[in-house]
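Summary of structural features
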Amino acid sequence: MISIFLNSRKRVSLLKDLLLSLQNNTSNVDELEVFIRVDDDDHESIEYLDAESESKFSVNFTVGKRPLNLHESMNELATMTSGELLFVLNDDTAILTKDWDTKLKDIDADDCLYIKTHDNSVDKVTDKDYASFPILTRPAYEALGYFMSERFVGLGGDVHLWRVFNSLGRIVDSDIFIDHIMHRTVNDVVHSDEVAWRMRHNSWNDNVDPWSIDISQDLERIRGYISDKFSTTNN
């Protein structure tokens, strides 16, 4: 089972395109579950998700107050998942790769791994090698103890995850491609809507640099998890 989860706010047309891309490009929709969190004042999204009946896979949504911090809603969603693979997306993305899920079949979901996807986000124009929309195996998620660190109010959690698992040599390339519609390239940004503005505003105000923040405790926690699991397996 692959678990996809995301927040959505006042982007129904984009959300429809994302779900359609999953429906059209997923080889085995029976092994897919999607969790979407919307704000309780976003009546258009609630109405759409209430009426959503065309998807051939499980779409679950939850409603709550607009979270002050992105990590709160992301980690809340992650706890709802049951899949062996946890895949975070945005409501302004679409899967481009046909039968993308088959590219994950040879990955050992019982190992503690970060699975790299590829997107045309503005971040990818840099020489950095992280994924804006990573996939974690369940052991990786459990070892870390969260999907997004509470140190990040807005942006930066994706960089942090990459730094942690890259330092441990536990990154696998999936060859899955994603269209990040709002941020395709530096010169091709659609419009900065309320959601995008708020994310950046929070991130700048928080002033936490994901490229320099200390990750030693995260590394220690994962190494301990792996050591315990390995010892248990061999006893």
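What counts as what
Residues numbered from 1 in each chain as written. Predicted model: local features only at pLDDT ≥ 70, side-chain atom pairs only at ≥ 80, totals over all residues. Heavy atoms only, no water. Helix = DSSP H or I, 4+ residues; strand = E, 2+ residues; numbered from the N terminus. Buried < 20%, exposed > 50% of the residue type's maximum accessible area, 1.4 Å probe, protein only. Contact = heavy atoms within 4.5 Å. Areas by Shrake-Rupley, 256 points an atom, 1.4 Å probe, with all protein chains shown as cover. Core = buried A, V, L, I, M, F, W, Y, C linked by side-chain atoms within 4.5 Å. Polar contact = N/O pair within 3.5 Å; in protein donor to acceptor, adjacent residues only side chain to side chain. Phe/Tyr/Trp six-rings, centres within 6.5 Å; stacked < 30°, edge-to-face > 60°.

**Examining the overall build of the protein chain**
Along its length, the protein chain carries seven helices and 10 strands. The proportion of buried residues among the 235 residues of the protein chain is 52%. Counting contacts in the protein chain only where the partners sit at least 6 residues apart, residues at least 24 apart contribute 81% of the total. Counting only carbon and sulfur atoms, one obtains 48% of the accessible surface of the protein chain, whose full area is about 11300 Å².

**Considering the nonpolar core**
One finds Phe5, Leu136, Phe147, Val164, Phe165 and Ile222 to be the most contacted residues of the largest nonpolar core, which totals 31 residues. At the level of elements, α3 (70-80), β4 (85-88), α4 (138-144), α5 (157-167) and α7 (216-233) are the ones that each hand at least two residues to this core. Looking at this core element by element, the count peaks at five residues for α5. Other than its neighbours up to four places away in sequence, Phe165 contacts Cys112, Tyr114, Leu136, Ala140, Leu144, Arg170, Ile171 and Ile222. Among the nonpolar cores identified, the runner-up in size contains 30 residues, and Val34, Ile95, Ile115 and Ile135 belong to it.

**Some words on the side chain of Thr97**
Checked against the element boundaries, Thr97 lands in the loop between β5 (93-95) and β6 (114-119). Residue Thr97 is classed as buried on the basis of its relative accessible area, which comes to 10%. At a separation of 2.7 Å, a polar atom in the side chain of Thr97 contacts the main-chain amide nitrogen of Phe177. Setting aside anything within four residues of it in sequence, one finds Thr97 in contact with Asn25, Lys103, Asp175, Ile176 and Phe177.

**Focus on α5**
Among the 11 residues of α5, nine are classified as buried, and the element is accordingly described as predominantly covered. Here α5 has its buried residues at Gly157, Asp158, Val159, His160, Leu161, Trp162, Arg163, Val164 and Phe165. At the exit of α5 stands Gly169, carrying a positive phi of roughly 65°.

**Section: the packing of aromatic side chains**
In the structure shown here, the tally under the stated rule is five aromatic pairs. Aromatic side chains Tyr130 and Trp211 sit 5.6 Å apart centroid to centroid with 70° between the ring planes, which places their arrangement in the edge-to-face category. Residue Tyr130 is found in the loop between β6 and β7 (135-137), and its partner Trp211 is found in the loop between α6 (194-206) and α7; the two are separated by 81 residues along the sequence. Overall, the relative accessible area of 5% leaves Tyr130 in the buried class. Three or more aromatic residues joined by ring pairs form one cluster here, namely Tyr130, Trp162 and Trp211.

Any functional reading would require information beyond the geometric quantities listed.
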